[in-house]
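As a plain string of letters, each chain reads:
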Amino acid sequence: MTLFDAELATRLTRYAALDSQSDAASPTGPSTQIQWQILRLLADELTQIGAAEVQVTEYGTVLATIPATAEGPTIGFLAHVDTAPQFNATGVKPRTIERYNGGDITFPDAPGLVLSPAEFPYLATKQGHTLITASGTTLLGADDKAGVAIIMTAARHLLENPGIPHGPIRIAFTPDEEIGRGVDKRLPKDLAADFAYTFDGGAVGEVEYESFSADGAVVTVKGVSIHPGTAMGRMVNAITLASKIIAALPHSTMTPETTAGRDGFIHATDMTGGASEMKMHFILRDFERDGLARKGEILRQVCAALQATEPRADITCTITPQYRNMR
Ligand SMILES: [Zn+2]
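Residues numbered from 1 in each chain as written. Predicted model: local features only at pLDDT ≥ 70, side-chain atom pairs only at ≥ 80, totals over all residues. Heavy atoms only, no water.

1. Considerations on helix H4 (residues 142–160)
Rule in force here: Each helix is a run of DSSP H or I of at least 4 residues and each strand a run of E of at least 2, with the numbering of both proceeding from the N terminus. Expected span of a helix, by definition, is 1.5 Å for each gap between consecutive residues, and there is one gap fewer than residues. Burial here depends on accessible area, computed with a 1.4 Å probe over protein chains only, as a share of the maximum for the residue type. Under 20% is buried, over 50% is exposed, and the range in between is partly exposed. Note on definitions: a residue-residue contact is assigned when non-hydrogen atoms from the two residues lie within 4.5 Å.
In this model, H4 (19 residues) spans 26 Å end to end at C-alpha, consistent with the 27 Å of a helix rising 1.5 Å per residue. When we look at burial in H4, the residues that qualify are Asp-144, Lys-145, Gly-147, Val-148, Ala-149, Ile-151, Met-152, Thr-153, Ala-155, Arg-156 and Leu-158. Its buried side turned inward, H4 meets helix H1 (3–16), helix H2 (33–48), strand S2 (62–66), strand S3 (75–80) and strand S8 (169–174).

Rendered as C-alpha cells:
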C-alpha cells in the first residue's frame, strides 16, 4: 500500500465506524442527530488540515474551500455522509483484508454468511487488492463513507502540496441522500462551483451524467364491505379490483425485470389491505419527461377504465414527482 492508500483505508474505517444513518420517517433536516455529529467532525478535520471557508450550513451541509494554486474554473467535489436506512448501521466494525486471494469471504460476526465472487463477478476482479468489509451484522456504509474518505484524503494532499496546480476547489458533504432529501435548494448557490462531481458508489472510472426521472404513485381502491352471508349482488371486493389493475398493466414490457439501459418502467412496489380497501404503491421511471408522463397516463387510464366498469368502488390514483434526470 502507498501512504495515500493507507490514509484512505484509515479514514474509511474511521468514518464507517460512526453511525450516521438517515431516517425517511423523520421530518427534520438532516433527518437524524447522528448526522450532525459526523458533519461537525468533518468540518473540524477540514479546519485542521488547513481548508478555508469551512462552514456547517443550517441545512446540514459542510462546505469548505481548497484555495487555488493556479488559474482555472471552480470545481466542486461532493459526497454524502448518511448510510442506507434498510439495514443495521449501529456498531459497524470495519475489517481489512490485505491482498484478497479471490476466494469466498466469510465474516467474523456472522458464521454462514459468505460473499462469493461466483455470485458477485465484480469481486473476482479485485484479486490482490486490499478490501474493507463489515463484520457481518451491519452494513459497512462505504456508500458513501468511501466518497467522504477520498475527498478528505485528496484535500489533505492538495493542501499540503501547493505546488500542484489547480483552480479553486469547493467541497460539500451532504446529509440524507439515501432518503432522497440530500441536496438543499440553497446548496448550488452556496457551493458556487462552475462544475461539480459527486463521489458515490459505482465502478472505478465510471462517470454518470444522467439518471432516470422519477415519480411515485399511490392507487387506493375502496370496495363495498358486506358480510359474506348477505353479499350477493352487493359486495365489491377491493382485492379483486386491485388484482385487475395489476393484470391490466404491461407485464412483458415496461417493468424493471423486462427492461434495461434507457428503457423506463412502471414498478409495483407493494400492495396491502383487504376486501374493503387496498393500497398499492408504484414507482415510475423514464429518462425522458414525456416518457415519464406517458407511464403515469397508462396507470391513470387503467384505474379510470376499471372505475367505469365498477362505479360502486372508489378508485383514486395520486402521482407525486420524486426527482428529475440531472442532465
Ligand atoms: Zn450513495
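2. A short note on the side chain of Gln-21
With respect to the secondary-structure elements, Gln-21 resides in the loop between H1 and H2. Relative accessible area serves as the criterion here: at 17%, Gln-21 is assigned to the buried category. Those residues in contact with Gln-21 that lie beyond four places of it in its chain are Thr-32, Ile-34, Gln-35, Thr-83, Ala-84, Pro-85, Gln-86, Phe-87 and Ala-89.

3. Things to note about the sheet that holds S8
Selection rule: When DSSP locates at least two bridges between a pair of strands, those strands are taken to pair. Axis lines are fitted to C-alpha atoms, over the contacting stretch for helices. Their N-to-C directions set the angle, which ranges from 0 to 180 degrees.
On the basis of which strands lie adjacent, the open sheet formed by five strands has the order S1-S2-S8-S3-S9 and mixed pairing. Of all the strands in the sheet, the pair left with one neighbour each is strand S1 (52–56) and strand S9 (195–198). Strand-to-strand twist in this sheet, taken as the mean axis angle between neighbours without regard to direction, amounts to 15°. Relative to S9, S3 is paired through four bridges, and the arrangement is parallel. Residue pairing for S9: Gly-76 is matched across the bridge by Ala-196. Relative to the sheet, H2 contacts S1, S2 and S8, its axis offset from that of S1 by approximately 170°. The strands that H4 touches are S2, S3 and S8; relative to S3, the one it contacts most, it runs at about 145°.

4. Things to note about the nonpolar core
Short version of the rule: Only buried Ala, Val, Leu, Ile, Met, Phe, Trp, Tyr and Cys residues count toward a nonpolar core, and they belong to the same one when joined by side-chain atoms within 4.5 Å.
Membership of the largest hydrophobic core comes to 29 residues, with the highest contact counts inside it found for Leu-42, Leu-46, Val-81, Val-148, Met-152, Ile-171 and Phe-173. Of all the elements in the fold, those that place two or more residues in this core are H1, H2, S2, H4 and S8. Excluding its chain neighbours within four sequence positions, the residues that come into contact with Leu-42 are Tyr-15, Val-81, Val-148, Met-152 and Phe-173. Listed in part, the 22 residues of the second largest apolar core include Phe-282, Val-302, Leu-306 and Ile-315.

5. So, the layout of surface pockets
Note the threshold: A cavity here means a set of points on a 1 Å grid, drawn over the protein atoms and nothing else, where a 1.4 Å probe fits but cannot get out; a pocket is an open set with protein on both sides within 12 Å along at least five of seven lines, and a residue lines either one if it has an atom within 4 Å of a point. Grid points are joined across faces, edges and corners, and a volume is the space filled by probe spheres set on the points. Side-chain classes follow a simple rule in which Ala, Val, Leu, Ile, Met, Phe, Trp, Tyr, Cys and Pro form the nonpolar group, Asp, Glu, Lys and Arg form the charged group, and the remainder, Gly included, forms the polar group.
Roughly 230 Å³ of volume is contained in the second largest pocket. In terms of lining residues, the second largest pocket is bounded by Thr-28, Gly-29, Pro-30, Tyr-59, Pro-175, Asp-176, Arg-181, Gly-182, Val-183, Asp-184 and Lys-185. Residues that form the lining of the second largest pocket fall into these classes: four nonpolar, three polar and four charged.

6. Let's talk about the packing of aromatic side chains
Convention followed: Two rings belonging to Phe, Tyr or Trp (six-membered ring only in the last case) form a pair when the distance between their centres is within 6.5 Å. Interplanar angles under 30 degrees mark stacking, angles over 60 mark edge-to-face geometry, and anything in between is tilted. Sitting over a ring, as applied to charges here, requires NZ of Lys or CZ of Arg to be within 6 Å of the ring centre and within 35 degrees of the ring normal.
Per the stated rule, a full pass over the model turns up four aromatic pairs. Ring geometry for Phe-77 and Tyr-197: centres 6.4 Å apart, planes at 40°, overall tilted. Here Tyr-197 lies in strand S9 and Phe-77 lies in strand S3, a separation of 120 residues in the sequence. When its relative accessible area of 23% is taken as the criterion, Phe-77 is described as partly exposed. Between Phe-212 and Phe-265, the ring centres sit 5.4 Å apart and the planes meet at 80°, which makes this aromatic pair edge-to-face. Placement of the pair is Phe-212 in the loop between S9 and strand S10 (213–222) and Phe-265 in strand S11 (residues 265–273), with a sequence separation of 53 residues. Of the two residues, Phe-212 and Phe-265, neither departs from the other in class, the shared state being buried. Joined through ring pairs, the aromatic side chains of Phe-77, Tyr-197 and Phe-199 make up one cluster. Above the face of the Phe-107 ring, Arg-95 is positioned so that its terminal group lies 5.3 Å from the ring centre.

7. Observations concerning the coordination of the zinc ion
The test is simple: Metal donors: N, O and S atoms at distances within 2.8 Å, or within 3.2 Å for Na, K and Ca, with water omitted from the atom set so that some sites may seem incomplete. Think of it this way: with four donors and all angles in the 85 to 135 degree range, the site is tetrahedral; with four or six donors, opposite ones beyond 155 degrees and the rest between 65 and 115, it is square planar or octahedral; otherwise it is irregular.
All of the protein donors around the zinc ion are His-80 (NE2), Asp-143 (OD), Asp-200 (OD) and Asp-200 (OD); their distances to the metal are 1.9 to 2.4 Å. Each of the four donor atoms bound to the zinc ion contributes to angles spanning 57 to 140°, and the resulting shape is irregular. The sequence pattern formed by the donor residues of the zinc ion is H-x62-D-x56-D. You can see His-80 sitting in strand S3 and its partner Asp-143 sitting in helix H4, a full 63 residues away along the chain. Taking the relative accessible area as the measure of exposure, Asp-143 reaches 35% and is therefore partly exposed.

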